[in-house]
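# Report on the structure
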Amino acid sequence: MGEKSEYVCPVCKSPLSSMPDELFCRQCKVEYPAKSGIPDFILEDLSRSKHPVLSSVSGLDKLAKIYETRLWYPIVYHVYGGLFIPSVEEEVKMVTDMVNAADGLGLDVACGTGLFTRSIARKMRRVYGIDISMGMLQKATEYAEKEKIGNIRYARAMAEKLPFPDRLFDGVICCGALHLFPETVDALGEMARVMKKGARLAVMTFVRRRFFRFKRIREHLRKDHGAHVFDVDEMDSYLSQTGFKDFTYKIYGSMILFHAEKS
Ligand SMILES: [Zn+2]
């Protein structure tokens, strides 16, 4: 893969040896292949997962083609968020400002096609984007090339098993995905692990407001879509459990935009 990277083994967290088209963990004796320059740290077949979000990964691959177009993302965003939420462009700007780590090293967890990744990359030295969908990551690579942004590295990895060493990042974002992770606390704990002390975490997710107040709707989202709609106090407690402080948020419709600092 040529250049030196910050990746470590997502399982044992030891440094990896770079081979042509793969990264190798000597501890675990495991090869992580790279497909068109994108390392793949997920060796299990997610389509067999019991979790609806993980098992829908091939659907996500197909969705990648239209994800950032007007056909999909803005519509879903407005349906779930409500009418009185900022536009997608405004939201990208708000999250980018929240990260507040100019020239640092950034991470976008569940980056999709890299809409937010590209925005923070314009302000940071280098940014990593991880997602479970190779289709999304390939599209993300195309978009970054088209916009001539050369400081982003994409990899296929799980939020609960990040392929990065402790205390690496100056800023981490996670937009439109925290409610989809099977274990919120594990995912937040893993993000905290890879962040420097004082680094910012910026998140966009959903809370129990507007029609998400209704238990029946939340039950449907949980059972059929694997989505968990948070309570604000619940989020506050998860953040303090996982080593964050200064939870600061704004709610728009049923959408919450927040930042917190690694203690
Ligand atoms: Zn290993």
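In short, a report on the structure. (Residues numbered from 1 in each chain as written. Predicted model: local features only at pLDDT ≥ 70, side-chain atom pairs only at ≥ 80, totals over all residues. Heavy atoms only, no water.)

### Section: the overall build of the protein
- A count of helices and strands for the protein gives nine helices and 11 strands.
- Within the protein, the fraction of its 263 residues that count as buried is 52%.
- Taking all contacts inside the protein whose residues are at least 6 apart in sequence as the whole, residues at least 24 apart take part in 64%. (Helix = DSSP H or I, 4+ residues; strand = E, 2+ residues; numbered from the N terminus. Buried < 20%, exposed > 50% of the residue type's maximum accessible area, 1.4 Å probe, protein only. Contact = heavy atoms within 4.5 Å.)

### Some points on the pattern of salt bridges
- Under the criterion given, the structure shown has 13 salt bridges.
- In this structure, E190 engages K13 in a salt bridge whose closest nitrogen and oxygen atoms are separated by 2.8 Å. Of the two residues, E190 is situated in helix 7 (residues 184-193) and K13 in the segment before strand 1 (17-19); the sequence distance between them amounts to 177 residues.
- We classify E190 as buried; its relative accessible area is 8%.
- Accessibility expressed as a relative area gives 27% for K13, which makes it partly exposed.
- In this structure, D40 engages R156 in a salt bridge whose closest nitrogen and oxygen atoms are separated by 3.0 Å. Taken together, the positions of D40 in the loop between strand 4 (38-39) and helix 1 (52-55) and R156 in strand 7 (residues 152-156) put the pair 116 residues apart, joining distant regions of the chain.
- Given a relative accessible area of 4%, D40 falls into the buried group.
- The class of R156 is buried, set by a relative accessible area of 10%.
- Each member of the salt-bridge network shares a partner with another, and the members are K13, D166, E190 and R193. (Salt bridge = Lys/Arg side-chain N within 4 Å of Asp/Glu carboxyl O.)

### A few points about helix 9 (residues 232-241)
- Considered for burial, the residues of helix 9 that qualify are V232, E234, M235, Y238 and L239. Seen along its axis, helix 9 keeps its buried residues to an arc of 160°; they face one direction. Across helix 9 from its buried face, at more than 90 degrees, point the exposed residues D233 and Q241.
- On its buried side, helix 9 packs onto helix 7, strand 9 (195-206), strand 10 (244-252) and strand 11 (255-262).
- The first or second residue beyond helix 9 is G243, which carries a positive phi of 95°. (Arc of directions from axis to C-beta.)

### Description of the packing of aromatic side chains
- Enumeration over the complete set of coordinates arrives at 10 aromatic pairs.
- Seen from their ring centres, Y32 and F41 are 5.2 Å apart, and the 50° between their planes marks the pair as tilted. This pair shows no difference in class: Y32 is buried, exactly as F41 is.
- What links up through ring pairs into an aromatic cluster is the set Y7, Y32, F41, Y128, F164 and F169. (Phe/Tyr/Trp six-rings, centres within 6.5 Å; stacked < 30°, edge-to-face > 60°.)

### A short note on the coordination of the zinc ion
- Distances from the zinc ion to its protein donors, C9 (SG), C12 (SG), C25 (SG) and C28 (SG), fall at 2.2 to 2.3 Å.
- Every donor counted, the four donor atoms about the zinc ion form angles of 99 to 116° at the centre, which fits tetrahedral coordination. (Donors = N, O, S within 2.8 Å, 3.2 Å for Na, K, Ca; no water. Tetrahedral: all angles 85-135°; square planar, octahedral: opposite > 155°, others 65-115°.)

### Structural notes on the pairing of strand 8 (residues 169-175)
- Burial analysis of strand 8 places six of its seven residues in the buried class, the great majority of the element.
- As defined by bridge partners, strand 5 (residues 105-109) adjoins strand 8 across three bridges and the pair is classed as parallel. Within the sheet, the bridge partner assigned to G106 lies in strand 8 and is G171.
- Relative to strand 9, strand 8 runs parallel, the two sharing six bridges. Within the sheet, the bridge partner assigned to C174 lies in strand 9 and is V203.
- Tracing the backbone out of strand 8, into helix 7 and back to the parallel element strand 9 gives a crossover that is right-handed. (Pairing = 2+ DSSP bridges. Right-handed = clockwise from strand over helix to strand, strands pointing away.)

Function-wise, these values are silent; they only describe arrangement.
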